[in-house]
Amino acid sequence: MPVVLIAAALAVVGLARVRHNPEAPPAGGDAGAAGPAVSGVPDRQTLRDLMPPGVRIGSAVDGRGLSLDPAYRTLLGAEFNGITAENAMKWRNLEPAPGVHAWTGADQIIEFAQQHGQAVYGHTLVWHSDVPKWVSPDWPPERIRAVLREHVTTVVSRYRGRVWGWDVVNEVLDEDGTLRDTLWLRKLGPGYVADAFRWAHAADPAARLFINDYGVEGRTRKADALLQLVRELRRSGVPVDGVGFQSHLRWDQPPRDLVGNLRRFAQAGVSVAVTELDVRVALPATPAKLEQQAKLYRQVLRACLAVPACVSFTVWGFTDARSWIPGYHRGYGAACLFDDSLAPKPAHAALLDELRRQPPRSGTGPSPG
Ligand code: G3I
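Residues numbered from 1 in each chain as written. Predicted model: local features only at pLDDT ≥ 70, side-chain atom pairs only at ≥ 80, totals over all residues. Heavy atoms only, no water.

Caption draft 1: Representation of the nonpolar core in the model. One finds M89, W166, I211 and F313 to be the most contacted residues of the largest nonpolar core, which totals 103 residues. Those residues in contact with I211 that lie beyond four places of it in its chain are V169, V172, F197, L226, L229, V230, V240, G242, V243 and G244. Listed in part, the six residues of the second largest apolar core include A119, Y121, F210 and V311. (Core = buried A, V, L, I, M, F, W, Y, C linked by side-chain atoms within 4.5 Å. Buried < 20%, exposed > 50% of the residue type's maximum accessible area, 1.4 Å probe, protein only. Contact = heavy atoms within 4.5 Å.)

Here is the structure:
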């Protein structure tokens, strides 16, 4: 066969492989003309195809979906170039007994990400919830400090170079902006926050280190307190690289001045990220409510894309079939981009449309890890 034809044939196969095989690492948008669908892979442009360089589009990953549901896996790989473990990297799941680690769930997520050219965001190292039962509140401070340090160091070291960013501390503030009353605060004092960042940084100096919270998306008293805390930590040389805005929103309650709020955090010298976005709807989820939900998803994405320091836009699960909302917010649900049968909802179409309206950006896409 003449060389020219061989080259042409290879190019076609190569293009098809790149276009419909999420194995290719993301380079900004994985743009390309829509082609015939490969089993389950959407026969259309996906969110990761259109995401501008420098900003990751991510989703929390439900371990059961990943291990049991091929259609879930295919959509996860096709739509997102970033993933976060919804539960697998929480302390009580990683270390059910002292020194006994259960890495399988977290390792599976890392492996999936590597196979799909996705960046992994680590959630979460120090939190007042999901603490292993064997950590006793009766222990003396030095013992609490030792096990907490061991945990942070062990986990970050294991995933060094494979996790681009960590929620080092999660939900440290109470609604009134004071430090939340937790085992860590009671036993170790307010310095535990700075210590956790220093331990994580020592274990992986290249990882981006975030403080993550909710109810801080708009200009609230809690957001003011978080900004103050971040400024103080950075002034004392604590390696806080970013702030995570969880963004668990209600369809009828948009955050007040989200863009202005993200900008003022960026001006404090940190990256910002939308880390756990979902938009719950009071059931039944009527078409009108789903349109309003779509508007709010679009508003949050537009806010992130308007702030150059916004490096990641992550939804807290992408299908209503595996959302935490119905279990925690009685009477609410339908919070995600895809419905129970993995069909895209108006919110997904709104995000695609918002991305298509974005002016082209120069530069390369986010590099996984
Ligand atoms: O896996 C066990 C299963 O074996 C057992 O049969 C079942 C019944 O007890 O529990 C299952 O574990 C549950 C796990 O979700 C997986 O479904 C835990 O009980 C339940 O507490 C856990 O809830 C998670 C919650 O955090 C607490 O860790 C939610 O899925 C998760 O979406 C939620 O996520 C948090 C973020 O980490 C922090 N920000 C808020 C966000 C929403 O609350």
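Caption draft 2: Seen up close, the pattern of salt bridges. Tallied over the entire structure, the rule returns 18 salt bridges. Between D181 and R186 there is a salt bridge whose closest N-O contact spans 2.9 Å. For R186, a relative accessible area of 53% translates into the label exposed. Note that K345 and D320 form a salt bridge whose closest N and O atoms lie 2.9 Å from each other. Placement of the pair is K345 in the loop between β11 (332-333) and α14 (346-356) and D320 in the loop between β10 (310-315) and α13 (325-328), with a sequence separation of 25 residues. Residues participating in the shared-partner salt-bridge network are R298, R302, D353, E354 and R357. (Salt bridge = Lys/Arg side-chain N within 4 Å of Asp/Glu carboxyl O. Helix = DSSP H or I, 4+ residues; strand = E, 2+ residues; numbered from the N terminus.)

Caption draft 3: Focus on the state of the cysteines. Summed over the entire model, instances satisfying the criterion amount to one disulfide. The disulfide that involves C304 links it to C310, with 2.1 Å between the sulfurs. On the sign convention where negative is left-handed, the bridge of C304 and C310, at about -95° about the S-S bond, is left-handed. Each member of the pair, C304 together with C310, is buried. (Disulfide = S-S within 2.5 Å.)

Caption draft 4: A look at the environment of P239. Structurally, P239 is set in the loop between α10 (221-235) and β7 (242-245). P239 sits in the buried class, given a relative accessible area of 18%. The spacing of P239 and R208 is 31 residues in sequence and 8.8 Å in space, taken between C-alpha atoms. Beyond its immediate chain neighbours, meaning those up to four positions away, P239 contacts F197, R198, H201 and L209.

Caption draft 5: Representation of the layout of surface pockets within the structure. The calculated volume of the largest pocket comes to roughly 770 Å³. In terms of lining residues, the largest pocket is bounded by 35 residues, among which E171, Y214, Q246, H248 and W324 are the most central. In terms of residue count, strand β8 (residues 248-250) provides more of the lining of the largest pocket than any other element does, three residues in total. Among the residues making up the lining of the largest pocket, the classes are represented as nine nonpolar, 14 polar and 12 charged. (1 Å grid on protein atoms, 1.4 Å probe; cavity = no way out; pocket = protein on both sides within 12 Å on 5 of 7 lines; lining within 4 Å. Points joined across faces, edges and corners; volume = space filled by probe spheres on them. Nonpolar A, V, L, I, M, F, W, Y, C, P; charged D, E, K, R; others polar.)

Caption draft 6: The arrangement of unusual backbone geometry in detail. Of note, the amide linkage connecting H123 to T124 takes the cis form, showing an omega dihedral of -5°. Mapped onto the fold, T124 is located in the loop between β3 (119-122) and β4 (126-127). P284 follows L283 through a cis peptide bond whose omega is 0°. Positionally, P284 belongs in the loop between β9 (271-282) and α12 (287-306). The phi torsion at S247 lies on the positive side, around 70°, for a residue other than glycine. Tracing the backbone shows S247 in the loop between β7 and β8.

Caption draft 7: Main features of empty space enclosed by the protein. Under the criterion given, the structure shown has five cavities of 30 Å³ or more. Considered as a void within the structure, the largest cavity measures approximately 60 Å³ in volume. As for the largest cavity, its lining consists of K90, W91, T124, L125, V126, W127, S129, D130, V131 and W184. Along the lines of polarity and charge, the residues of the lining of the largest cavity split into six nonpolar, two polar and two charged.

Caption draft 8: Focus on the side chain of Q246. Within the secondary structure, Q246 is located in the loop between β7 and β8. With relative accessibility at 1%, the residue Q246 sits in the buried group. Among the polar contacts made by the side chain of Q246, one reaches the side chain of N170 at a distance of 3.1 Å. Setting aside residues no more than four positions away along its own chain, Q246 makes contact with N170, E171, N212, D213, Y214, E217, T275, E276 and L277. (Polar contact = N/O pair within 3.5 Å; in protein donor to acceptor, adjacent residues only side chain to side chain.)

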